[in-house]
Amino acid sequence: MYIRKPENISLLDSLVSLHFSLGEFPQTILTGNEYLQKDTASMSVMEMVALAYSQLKKYKESVEMYDRMFKRSGNIYYAYQLAIHQYFLKRIGECGQMIDIIVSDPKSEQQKVAISGENNEQQQVPLKAAALNLRGIILQELNMSDKAKENFEASLKVMPDFSLAKGNLEALKDRKST
């Protein structure tokens, strides 16, 4: 149908959604990028393409897409996704800048993100708590245990039952005692 009417991008949009819902990530990327050449403002298509890149561990491309979405919308959810993917690429400086943006935004205490904890259990976590936990992980990797501890504790102040931050704090304490 799209081949017969290539000017009708709503068909292409449906194709992107279909590929994405079926977990066909390479096809999602191909059709999504084709769609974005015709409509550069579609946040839903950009998000599906960014998620598809992420699923395929193409983090550089995912960073580029989340960066576009954050710059266009100012939505701190996209800032968090950008920070996570920068962390995967070990772009620690850029990741830290995104964390600062998230933590300083008052909406970060209300807006939530799903985080997988132990046993792949999903937990809805305020973006501020998630960002502080990410900073703690980075600081721990940089052997800055005291600052890592401060960030894990700050994360737990935002959400006391955040299991991933609790586990990271416990692991940090266990390392210090050995």
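Description of the structure in this document. (Residues numbered from 1 in each chain as written. Predicted model: local features only at pLDDT ≥ 70, side-chain atom pairs only at ≥ 80, totals over all residues. Heavy atoms only, no water.)

A count of helical and extended segments in the protein gives 9 helices and 2 strands. Starting at the N terminus and ending at the C terminus, the protein contains elements arranged as α-α-α-α-α-α-β-β-α-α-α. In terms of principal-axis extent, the alpha carbons of the protein reach across some 70 × 30 × 25 Å. Each of the 178 residues in the protein was classed as buried or not, and the buried ones make up 41%. Considering only residue pairs separated by 6 or more positions, the protein has 47% of its internal contacts joining residues 24 or more positions apart. As displayed, the protein offers around 9900 Å² of accessible surface, 51% of which is attributable to carbon and sulfur atoms. Averaged over its 22 positive side-chain charges, the protein has a centre that lies 2 Å from the centre of its 22 negative ones. (Helix = DSSP H or I, 4+ residues; strand = E, 2+ residues; numbered from the N terminus. Buried < 20%, exposed > 50% of the residue type's maximum accessible area, 1.4 Å probe, protein only. Contact = heavy atoms within 4.5 Å. Areas by Shrake-Rupley, 256 points an atom, 1.4 Å probe, with all protein chains shown as cover. Lys, Arg positive; Asp, Glu negative; His and termini not counted. Charge placed at Lys NZ, Arg CZ, Asp CG, Glu CD.)

The next thing to look at is the environment of Leu-132. Along the chain, the position of Leu-132 falls in helix H7 (residues 127-141). Assessed through its relative accessible area of 6%, Leu-132 is described here as buried. Taking the C-alpha atoms as reference points, Leu-132 and Ala-154, 22 residues apart in sequence, are found 6.8 Å from one another. Non-local contacts of Leu-132, meaning those with residues more than four positions away in its chain, are made with Val-103, Asn-151, Ala-154, Ser-155 and Val-158.

Of note, Gly-93 is situated in helix H6 (residues 92-104). In the structure, Gly-93 is positioned 81 residues away from Asp-174 in sequence and 28 Å away in space, judged by C-alpha atoms.

This paragraph deals with the packing of helix H1 (residues 9-21) against helix H3 (residues 43-55). One can describe the packing of H1 onto H3 by two numbers: an axis separation of 10 Å at closest approach and a directional angle of 35 degrees. Relative to H3, the crossing made by H1 is left-handed. The residues of H3 that touch H1, namely those facing Asp-13, Val-16, Ser-17 and Phe-20, are Val-45, Met-48, Leu-51 and Ala-52. The residue makeup of the contact of H1 with H3, split by class, is 6 nonpolar, 1 polar and 1 charged. (Axes fitted to C-alpha atoms, helices over the stretch in contact; angles between N-to-C directions. Left-handed = near helix turned anticlockwise from the far one by under 90°. Nonpolar A, V, L, I, M, F, W, Y, C, P; charged D, E, K, R; others polar.)

This part covers a nonpolar patch on the surface. A surface patch of nonpolar side chains, about 260 Å² in accessible area, is lined by Leu-15, Leu-18 and Leu-22. Summarising the element assignment, Leu-18 is placed in helix H1. (Patch = residues over 30% accessible without salt bridge, like charges linked within 9 Å, V, L, I, M, F, W, Y side chains within 5 Å. Salt bridge = Lys/Arg side-chain N within 4 Å of Asp/Glu carboxyl O.)

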